[in-house]
Amino acid sequence: MYESNREAQPGVSELKDSLLSVAASLDVLDGEYAEYKKQLHHLHERLVEGQFRLAVLGQFKRGKSTLLNALLGEYLLPTDILPVTAIPTFIRYSPEISACVYFSSDRPPEVFTLTEYSSLADFLVEFVTEAGNPHNQHQVERVEIGHPAKLLQQGVILIDTPGIGSTHRHNTEVAYQILPQCDAALFLVSPDPPITEVELDYLKEICQQLPRTFYLLNKIDFLSEPEQIASLKFLADQLASLLQGPPQILPVSARKGLEARVAGDQQGWKESGMQQVDQNLIDFFAREKQQTLESSIRRRLSDQLSHISLQLQLSLSALKLSEDELNQRIEKFRQSLPDVEREKLASEDMLSGDLKRIELKLGKEVEGVRQQAKEAILTKLESYFQTISDTETLERMVRDELSVQIPQFFSVQMRRVNELIHKDATDLLSLHQNRSNTLIEKVRQNAADLFSIPYRAPSAHDSYATFATPSWDRSLFISDMDPLGQKLSRKFLTYKFRHRRTISRLREEGRRLINQNVEQINWTLRRGLDESFRQFGADLAEQLDRTISATRAAMEVALQKSEEQGYATVSQEVKLKQVLDQVTQVSVQVDEAVST
């Protein structure tokens, strides 16, 4: 059911000591390291208390909230046919059900009470769903729920996350941002459609950041036994390339499991597959929870040490300069920024232009598919209209023809257009990546010239286009769309009228199905393009801003020290060196543990 992304390391005492020692070493420095200290103490607190965070991750509408409801044994979290969860929701143990909503603004927390809301789900709808809180207009930071479930009594915190790949881009961003706060994941997929490229890309990131991942195939109640076997095999084949061994996948029906759990139906709970999931989780927490938590904390500590080390080196290099030299370099750095900003804006313009050009190409390809579909499918229908006189036979023949031709035609065209656009988008983004690398290297070189501090530019393979594979529409029309029914229509309508009306309707339905599937391909690929190019632009801006901000901060702190008495500057330099030596020593030990 689960895979180990990387082996955890022994030595919890050593890890606790490392967290505390680095945090204590920062006490001698100024306030700019306060946030690092806060994060280190938070990691130490989680390790001491054994707070294990298990997130339910996956694409939107895979059934994540329903799965959590099944594990908790009641209809707790809101679910719907549309994308629901927009805000991370943390569920921890409490003797009684409770909930509190925290905001990023100055707004005080909202606490759930039964006097104002009929149920917790009604309370949550207002804050955690797109319907109640579109684009997070309430500025909700997180939601914490208390629940008396047995699973939570072991120090486990369950996290309900926004799904990736929906039309709400910010949900995808939040789903990625939540990963550093997690220790393990339940990765949920379903057969409608099978696992997509968007999910595989997300899973790559999960495997890199989390030491444990569990795999579940949900909604098996919609599959026959042969279809279930085929779906499991397909999913295993897709996951195999990301994992070191064959994946263990549990088939479940979260919906059936929730219904059985609420009704107290033990046999239904077992048949849904949720009993096995529940038992596997309990066994895992008993055997490997602490080890996995330590591995996760080490990863977070390694990241923090890297950031701390960079800032320390920048500060040290700046302090070694005289006030005049530092002012000169500050001015030199400032003079370089307008050129960087102009190049950044030019890069953004080129990126936007290339997106428009590839979208135009997609539009032409889509129209080509539409014309080919009409020629291939509607022409065949016209031959039926000319040769079949019985309306019922005509109806049946057209239904059968469309049920065969629609999937065959659009599955081929979907793959062809997807591969074409994916290749073009990837090629374009590779060119832009090279340009952005050059620009970031320019800023990096400025920092190197100023303080001899290297900066790592993003590698080219980190940017690529991601697209969800479109599927075709299998929904066909009903027999005659006649409120009187076939028998009565024969009695009251002439044959000629009925035949003419049936042909007109069948022709229109054929066109509708073609247009539906064409637009599905167009919408899916266009969404993938927009998301990929937008994310690329955001990554570039983040890399540039991070480099500029870190360099500027180090210079300003150093200048402030230079304007003070000389002994104060020397004292600060000694402190920085001592802290850097300690951070480097701990960092080497932690990196060795993480990499093995």
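Residues numbered from 1 in each chain as written. Predicted model: local features only at pLDDT ≥ 70, side-chain atom pairs only at ≥ 80, totals over all residues. Heavy atoms only, no water.

1. Description of the overall build of the chain
Counting secondary structure elements, the chain contains 15 helices and ten strands. Classification of the 596 residues of the chain by burial places 50% in the buried group. Pairs at least 24 apart in sequence give 81% of the contacts found in the chain among residues at least 6 apart. (Helix = DSSP H or I, 4+ residues; strand = E, 2+ residues; numbered from the N terminus. Buried < 20%, exposed > 50% of the residue type's maximum accessible area, 1.4 Å probe, protein only. Contact = heavy atoms within 4.5 Å.)

2. Some words on the side chain of Q209
Within the secondary structure, Q209 is located in helix α6 (residues 197-209). Reaching out from Q209, the side chain makes a polar contact with the side chain of E205 at a distance of 2.9 Å. With residues near it in sequence (within four places) discarded, Q209 still touches L179, P180, R299 and R300. (Polar contact = N/O pair within 3.5 Å; in protein donor to acceptor, adjacent residues only side chain to side chain.)

3. Topic: helix α8 (residues 254-263)
Of all the residues in α8, the buried ones are A254, G257, L258 and A260. For α8, the angular spread of buried residues about the axis comes to 165°, placing them on one side. Structurally, α8 contributes buried residues whose contacts are with α3 (64-72), α9 (266-271) and α10 (274-319). The positive-phi residue at the C-terminal boundary of α8 is G264, with phi of around 70°. (Arc of directions from axis to C-beta.)

4. Comments concerning the environment of L513
By the element assignment, L513 lies in helix α14 (residues 495-562). Each C-alpha atom, one on L513 and one on L402, is 8.8 Å from the other, the two residues being 111 residues apart in sequence.

5. Structural notes on the environment of E288
In this structure, E288 sits in helix α10. On the basis of relative accessibility, which here comes to 10%, the residue E288 falls in the buried class. Taking C-alpha positions, E288 is 9.9 Å from R212, a pair spaced 76 residues apart along the chain. A distance of 3.1 Å separates polar atoms of two side chains, one belonging to E288 and the other to R287.

6. Focus on the packing of helix α2 (residues 34-49) against α10
Interaxial distance between α2 and α10 falls to 10 Å at its minimum, and their mutual angle equals 170°. With respect to α10, the element α2 is oriented roughly antiparallel. Taken together, the residues of α10 that come into contact with α2 (itself represented by Y36, Q39, L40, L43, R46 and L47) are Q290, L293, E294, I297, R300, L301, Q304, H307, I308 and Q311. Tallied by class, residues from the contact of α2 with α10 come to eight nonpolar, five polar and three charged. (Axes fitted to C-alpha atoms, helices over the stretch in contact; angles between N-to-C directions. Parallel < 35°, antiparallel > 145°, perpendicular 65-115°, else oblique. Nonpolar A, V, L, I, M, F, W, Y, C, P; charged D, E, K, R; others polar.)

7. Overview of a negative patch on the surface
Together, E341, E348, D349 and D545 give the surface a local cluster of negative charge. Ranked by the residues each element gives to the negative patch, the list is headed by helix α11 (residues 323-387), at three residues. When you line up the elements, D545 lands in helix α14. Take D545: its relative accessible area is 39%, and that puts it in the partly exposed class. (Patch = residues over 30% accessible without salt bridge, like charges linked within 9 Å, V, L, I, M, F, W, Y side chains within 5 Å. Areas by Shrake-Rupley, 256 points an atom, 1.4 Å probe, with all protein chains shown as cover. Salt bridge = Lys/Arg side-chain N within 4 Å of Asp/Glu carboxyl O. Lys, Arg positive; Asp, Glu negative; His and termini not counted. Charge placed at Lys NZ, Arg CZ, Asp CG, Glu CD.)

8. Details of helix α7 (residues 225-240)
The terminal C-alpha atoms of α7 lie 22 Å apart, and with 16 residues this matches the ideal 22 Å at 1.5 Å per residue to within 8%. Every buried residue of α7 is listed here: S231, L235 and L239. Seen end-on, α7 carries its buried residues on one side only, within an arc spanning 65°. Away from its buried face by more than 90 degrees, α7 exposes P226, I229 and K233. (Expected span 1.5 Å × (residues − 1).)

9. Details of the side chain of Q304
As for its placement among the helices and strands, Q304 is situated in helix α10. In contact with Q304, other than residues within four places in its own chain, are Y36, Q39 and L40.

10. Side note on the pairing of strand β3 (residues 89-93)
Of the pairings in the sheet, the one linking β3 to strand β6 (residues 140-147) comprises five bridges and is parallel in character. In the sheet register, I91 faces β6, and the bridge partner there is I145. Note: β3 against strand β7 (residues 156-160), three bridges, orientation antiparallel. Paired with T89 across the bridge in β7 is D160. (Pairing = 2+ DSSP bridges.)

11. Some details on the packing of aromatic side chains
Under the criterion given, the structure shown has ten aromatic pairs. Between F409 and F410, the ring centres sit 5.1 Å apart and the planes meet at 85°, which makes this aromatic pair edge-to-face. Three or more aromatic residues link up through ring pairs in this structure, and these residues are F52, F214, F284 and F285. Here the guanidinium or amino end of R142 rests over the ring plane of Y102, the centre of that ring lying 4.1 Å away. Above the ring of W269, the side-chain terminus of R261 is found at 4.6 Å from the ring centroid. (Phe/Tyr/Trp six-rings, centres within 6.5 Å; stacked < 30°, edge-to-face > 60°. Lys NZ or Arg CZ within 6 Å of the ring centre and 35° of its normal.)

12. Description of the pattern of salt bridges
Tallied over the full model, the rule gives 25 salt bridges. Taking the shortest distance from any N to any O, the salt bridge between E144 and R142 comes out at 2.9 Å. Residue classification places R142 among the partly exposed residues on the basis of a relative accessible area of 24%. It is possible to trace a salt-bridge network through shared partners that takes in R92, E141, R142 and E144.

13. A closer look at the packing of α3 against α10
Relative to each other, α3 and α10 sit at 75°, their axes nearing to 10 Å. With respect to each other, α3 and α10 are oriented roughly perpendicular. Within the contact between the two elements, α3 uses L67, A70 and L71 and α10 uses M274, V277, D278 and L281. By residue class, the composition of the contact of α3 with α10 is six nonpolar, no polar and one charged.

14. Side note on the pairing of strand β8 (residues 184-189)
Most of β8 is tucked away, with six of its six residues classed as buried. Residue alternation in β8 divides its side chains into two sets, A184, L186 and L188 and A185, F187 and V189, and both sets are buried. This β-α-β element, β8 to α6 to strand β9 (residues 212-217), shows right-handed connectivity. (Right-handed = clockwise from strand over helix to strand, strands pointing away.)

15. A word on the confidence of the model for the chain
Of the residues in the chain, 81% reach a pLDDT of 70 or more, and the chain-wide mean stands at 78. Model confidence for the chain, summarised as mean pLDDT per element, is weakest for strand β1 (residues 2-4) at 49 and strongest for α9 at 94. Segment residues 455-486: pLDDT under 50, and 96 contacts once partners within four positions in sequence are set aside and those in other chains are kept. (pLDDT = per-residue confidence, 0-100.)

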